[in-house]
Amino acid sequence: MPTVGSTRMLDRLGPKRSDAEFLQSKLKAPGAQFLVLADLKPVIRSNPQRTEAKLAWFTLEALTQFGLPTAEALFLGVDNSGNGYFALAVTEHRTRNVPGAIENLRPIVDLRSLAMQGIMTPEELSLCGQARALAQWHENARCCGHCGGTTLVKDGGWRRKCWACGLEWFPRTDPVVIMLITDGDRCLLAHEHRYADKMYSTLAGFIEPGEDIEHAVRREVMEETNITVGEVPFHSSQPWPFPHSLMLGCVGKAQTTDITIDTGEIAEARWFTREEAGAMLERRHPDGLTVPGKQAIANALITSFVEGK
Ligand SMILES: [Zn+2]
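Below: a short report on this structure. In this text the structure is predicted, and so the values were computed from the model without any measurement.

### Quick look at the overall build of the protein chain
Okay, so step 1: A tally of helices and strands in the protein chain yields 9 helices and 16 strands.
Okay, so step 2: Counting only C-alpha atoms and orienting by the principal axes, one finds that the protein chain spans roughly 60 × 50 × 35 Å.
Okay, so step 3: For the protein chain, contacts bridging at least 24 residues in sequence account for 64% of all contacts bridging at least 6.
Okay, so step 4: Of the accessible surface of the protein chain, which amounts to about 15,400 Å², a share of 50% is contributed by carbon and sulfur atoms.
Okay, so step 5: Within the protein chain, the 38 negative side-chain charges are centred at a point lying 7 Å from the centre of the 33 positive side-chain charges.

### Topic: the sheet that holds strand β10 (residues 168-169)
Okay, so step 1: Overall, antiparallel pairing links the 3 strands, which are arranged β8-β9-β10 in an open sheet. At either end of the open sheet lies a strand with only one pairing partner, and these are β8 (151-154) and β10.

### Observations regarding the pattern of salt bridges
Two side chains carrying opposite charge are able to pair once their charged atoms lie near each other.
Okay, so step 1: Using the criterion set out here, one finds 15 salt bridges in the structure.
Okay, so step 2: Residues D183 and R186 are paired through a salt bridge, measuring 2.9 Å at the closest nitrogen-oxygen approach.
Okay, so step 3: Among the residues examined, R186 registers a relative accessible area of 29% and is labelled partly exposed.
Okay, so step 4: Its salt-bridge partner being E231, residue K253 comes within 4.0 Å of it at the nearest N-O pair. Linking K253 in strand β15 (residues 245-253) with E231 in the loop between α7 (213-225) and β14 (234-240), this pair joins segments that are 22 residues apart in sequence.
Okay, so step 5: On the basis of relative accessibility, which here comes to 52%, the residue E231 falls in the exposed class.
Okay, so step 6: The structure contains a network of salt bridges with shared partners spanning E208, E211, R219, E220 and E223.

Rules and cut-offs
Residues numbered from 1 in each chain as written. Predicted model: local features only at pLDDT ≥ 70, side-chain atom pairs only at ≥ 80, totals over all residues. Heavy atoms only, no water. Helix = DSSP H or I, 4+ residues; strand = E, 2+ residues; numbered from the N terminus. Contact = heavy atoms within 4.5 Å. Areas by Shrake-Rupley, 256 points an atom, 1.4 Å probe, with all protein chains shown as cover. Lys, Arg positive; Asp, Glu negative; His and termini not counted. Charge placed at Lys NZ, Arg CZ, Asp CG, Glu CD. Pairing = 2+ DSSP bridges. Salt bridge = Lys/Arg side-chain N within 4 Å of Asp/Glu carboxyl O. Buried < 20%, exposed > 50% of the residue type's maximum accessible area, 1.4 Å probe, protein only.

In short, shape yes, function no, at least from these values alone.
What follows is the structure, given as structure tokens:
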């Protein structure tokens, strides 16, 4: 199952972003490729059976013919041949008025849905995740948080600068801790009110200002289940561009086992044995209980526990 992660498909060329002349030359070069996000959903191409999907890549000429504004295209990076890749974020309404919209700028599919369906390669899902997270930040960063002035796009979309007070704003990533808590033989999983019926997952929560990862894990677990956590080894991480989070996967050792849940946050929390968690992963639990799919880091954390790692 392909997942949204970090892609090596392109070199992001961070140090060249501030070179306006370089970016313009990449944008106007014949090999330049453009991804269109309409209301943050990529335009894709798929086979008739809809079992495979690819991102649709456009030339600058095609986008200009559609009348789409290319001046604020977001620079994603360059491929091995030096071709520049860009993302153009527009409203779905705007794409509807383009001549030949149905043939050219459809279908558009939500990235999370593409990941769930498993029909796009991890490289393209990840690249689209990079573009989506960046585009969503721009949607919410048009005005300066300091003086309210208009901010202008700089560095191929990797910086905004306030026109009035000059303050600079950078793309935002929100760190989230997600933790598999274990008492050795069992793991702690919870059912949240918003989850599909019978789905359980690892606990998770945003890191607050002034916190380190370990503190955030211990605080979230205490708040939601009243369990005390000791050691917190790091497991793995995953960018999660909905809207622009970074999931920091940890394994926490429980020091207590009596659960008292915060009903405002979660509906139920329970200890599960390795056998039970394994059955949930394989969707053969006798009560029909499940865990998140392989596109989510929670699945990797639970799998690691089931395999005794
Ligand atoms: Zn300002």
